[in-house]
Amino acid sequence: MRYSDNGDLRGAFARLIDYAYGIYAWATFVVCVSGAILSALMVPGLHRRRRWVSASARAWLFIAGIRSRITGLNRIPQGHCIVVANHASYLDGLILQAFLPPRFTFVIKGEMQKVPLAHFLLRRIGSRFVERFVTTASSRDARNLLRAAAAGESLALFPEGTFHPQPGLQRFRLGAFAAAIKGNLAIVPVVIRGSRQILPARRILPRHGQLEIDVLEPIRPGERECNSRSLAADCRQRILAVLDEPDLAAIRHAKHTDGGEVARAGRDAANP
């Protein structure tokens, strides 16, 4: 009984520590975001505003005690390119903002335009918004991305479009890869690990944790024959090789295929 009581006490204490850390992390986040919004309002020039916002993101990671190990930053080309990363947490955009050079424009899901302060901050640092569910708006946004890439603009985005509680890599939307081919821009795959453990989907308070960010070798569409689908597949495989999470798109395809075969077998049995 004594061991059980001790275990209960240790569990309760661990939960209390997690709760206290989560409150602390959010409180410091609000302070850092307030500084970022103030700098976005007052600092002239897009490049300078991006530097200030990036500094605010790094400051929060430091204050929150989230250690970050990043490798391969030197692999990002000096010229314009497109960075694509896996998406596992609310923190992923902040992580890329903290560590990518200020020349990158972030491509954000359109729903963020409904969050006033976030919308203001993202607009002030030149982010682009894309609709995922409205067909006409989505087509227009895709054309805008193609024009931006053709003009040589560096973009950073999450081709999965969103994230889910289940670990693993979802299928990639093809817009970024079509834009890379159109603009003859290198695609730079980036792998983010640890963010899902810190602040996963459907969790309010962050946990303490560590981040690992790996910048992989760029893929240059101009050096080979490819289309947006094959380019996306190559990029996904490179990310999966480092991510150490399952390929959810392949699992879903296998289930769909198996289900179809079962259905066909049932129909064949019913109609000999």
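Enquirer: What's the story with the packing of aromatic side chains in this structure? I'm lost.
Expert: Working definition: an aromatic ring pair is given by the centre-to-centre distance plus the angle between the planes. In this structure the tally under the stated criterion is five aromatic pairs. Centre to centre, the rings of Tyr21 and Tyr24 are 6.5 Å apart; their planes meet at 50°, and the pair counts as tilted. You can see Tyr21 and its partner Tyr24 sitting in helix H1 (residues 2-42), three residues apart, about one turn around the helix. With a centroid separation of 5.2 Å and 85° between ring planes, the pair formed by Trp26 and Phe29 is classed as edge-to-face. A residue pair is termed a helical-turn pair when its members lie 3 or 4 positions apart in one helix, as Trp26 and Phe29 do in helix H1 at three residues. The exposure class assigned to Trp26 is partly exposed, which follows from its relative accessible area of 34%. In this structure Phe29 comes out as partly exposed when scored by relative accessible area, which is 21%. A cation sits over an aromatic face here: Arg236 above Phe172, 5.4 Å from the ring centre.

Enquirer: What is the right way to read empty space enclosed by the protein from this model?
Expert: The probe, sized like a water molecule, is rolled over the atoms to show the empty space still left. Taken as a whole and assessed by the stated rule, the structure comprises one cavity of 30 Å³ or more. Of the pockets and cavities examined, the largest cavity occupies roughly 30 Å³. Lining the largest cavity, in full, are Arg50, Ser54, Gln97, Leu100, Pro101, Pro102, Phe104 and Phe106. Split by residue class, the lining of the largest cavity holds five nonpolar, two polar and one charged.

Enquirer: Help me understand the environment of Ala178 in this model?
Expert: The topology assignment puts Ala178 in helix H6 (residues 175-183). Residue classification places Ala178 among the partly exposed positions, given a relative accessible area of 29%. Between the C-alpha atoms of Ala178 and Arg229, which are 51 residues apart in sequence, the distance is 8.4 Å. Sequence-distant contacts of Ala178, that is, excluding residues within four places in its chain, are made with Leu146 and Ser228.

Enquirer: What am I meant to see in the pattern of salt bridges here?
Expert: Between side chains of opposite charge, pairing is possible as soon as their charged atoms come close. Applying the stated criterion across every chain, the model contains nine salt bridges. The closest approach of N and O atoms between Glu212 and Arg193, which form a salt bridge, is 3.0 Å. On the criterion of sequence distance, the pair formed by Glu212 in strand E7 (residues 210-215) and Arg193 in strand E6 (residues 186-193) is long-range, its members being 19 residues apart. Note that Asp247 and Arg236 form a salt bridge whose closest N and O atoms lie 2.8 Å from each other. One end of the pair, Asp247, is in the loop between helix H8 (228-243) and helix H9 (248-270); the other, Arg236, is in helix H8, and 11 residues separate them in sequence. Each member of the pair, Asp247 as well as Arg236, carries the same accessibility label: buried. Via salt bridges that share partners, Arg69, Arg193, Glu212 and Asp214 belong to a single interconnected network.

Enquirer: Please clarify how the confidence of the model for the chain should be interpreted in this entry.
Expert: Detailed reading of predicted coordinates is not advised where the pLDDT is low. Residues at a pLDDT of 70 or more form 88% of the chain, whose mean pLDDT is 87. Least confident of the elements in the chain is H9, whose mean pLDDT is 64; most confident is E7, at 98.

Enquirer: Honestly, the pairing of strand E2 (residues 81-85) in this entry has me stumped. Any pointers?
Expert: Within a regular strand, side chains alternate between the sheet's two faces. Here E2 lies mainly inside the structure; five of its five residues are buried. In this sheet, E6 lies alongside E2 in parallel orientation, the contact comprising five bridges. The residue bridging Cys81 from the neighbouring strand is Ala186, located in E6. With three bridges joining them, E2 and strand E5 (residues 155-157) adopt parallel strand pairing. Directly across from Val84, in E5, lies its bridge partner Leu157.

Reading the values: the criteria
- As a convention, each chain's residues are numbered from 1 in the sequence order in which they are written.
- Totals for whole chains, interfaces and linings use all residues, but because this is a predicted model, local features are given only for residues with pLDDT of at least 70 and pairs of side-chain atoms are given and counted only at 80 or more.
- Each side-chain value is worked out from all heavy atoms of the structure, with water and hydrogens disregarded.
- When two rings of Phe, Tyr or Trp (its six-membered ring) have centres within 6.5 Å they constitute a pair, described as stacked for plane angles under 30 degrees, edge-to-face for angles over 60, and tilted for the intermediate range.
- Starting at the N terminus, helices and strands are each numbered in turn, a helix being any DSSP run of H or I of at least four residues and a strand any DSSP run of E of at least two.
- Buried residues are those whose accessible area, probed at 1.4 Å on protein chains only, stays under 20% of the maximum for their type, while exposed residues exceed 50% and partly exposed ones sit between those limits.
- In this analysis the charged atom, NZ for Lys or CZ for Arg, is taken to sit over a ring once it is within 6 Å of the ring centre and within 35 degrees of the ring normal.
- Using only the protein atoms, space was sampled on a 1 Å grid; points where a 1.4 Å probe fits but cannot get out form cavities, open sets with protein on both sides within 12 Å along at least five of seven lines form pockets, and lining residues are those with an atom within 4 Å of a point.
- Grid points are joined across faces, edges and corners, and a volume is the space filled by probe spheres set on the points.
- Residue polarity follows a fixed list, in which Ala, Val, Leu, Ile, Met, Phe, Trp, Tyr, Cys and Pro are nonpolar, Asp, Glu, Lys and Arg are charged, and the others, Gly among them, are polar.
- Residue contacts are counted whenever heavy atoms from the two residues lie within 4.5 Å of one another.
- For salt bridges, the criterion is a side-chain nitrogen of Lys or Arg within 4 Å of an Asp or Glu carboxyl oxygen.
- On a scale of 0 to 100, pLDDT captures the predictor's confidence in every residue.
- Pairing between strands requires that DSSP locate at least two bridges from one strand to the other.

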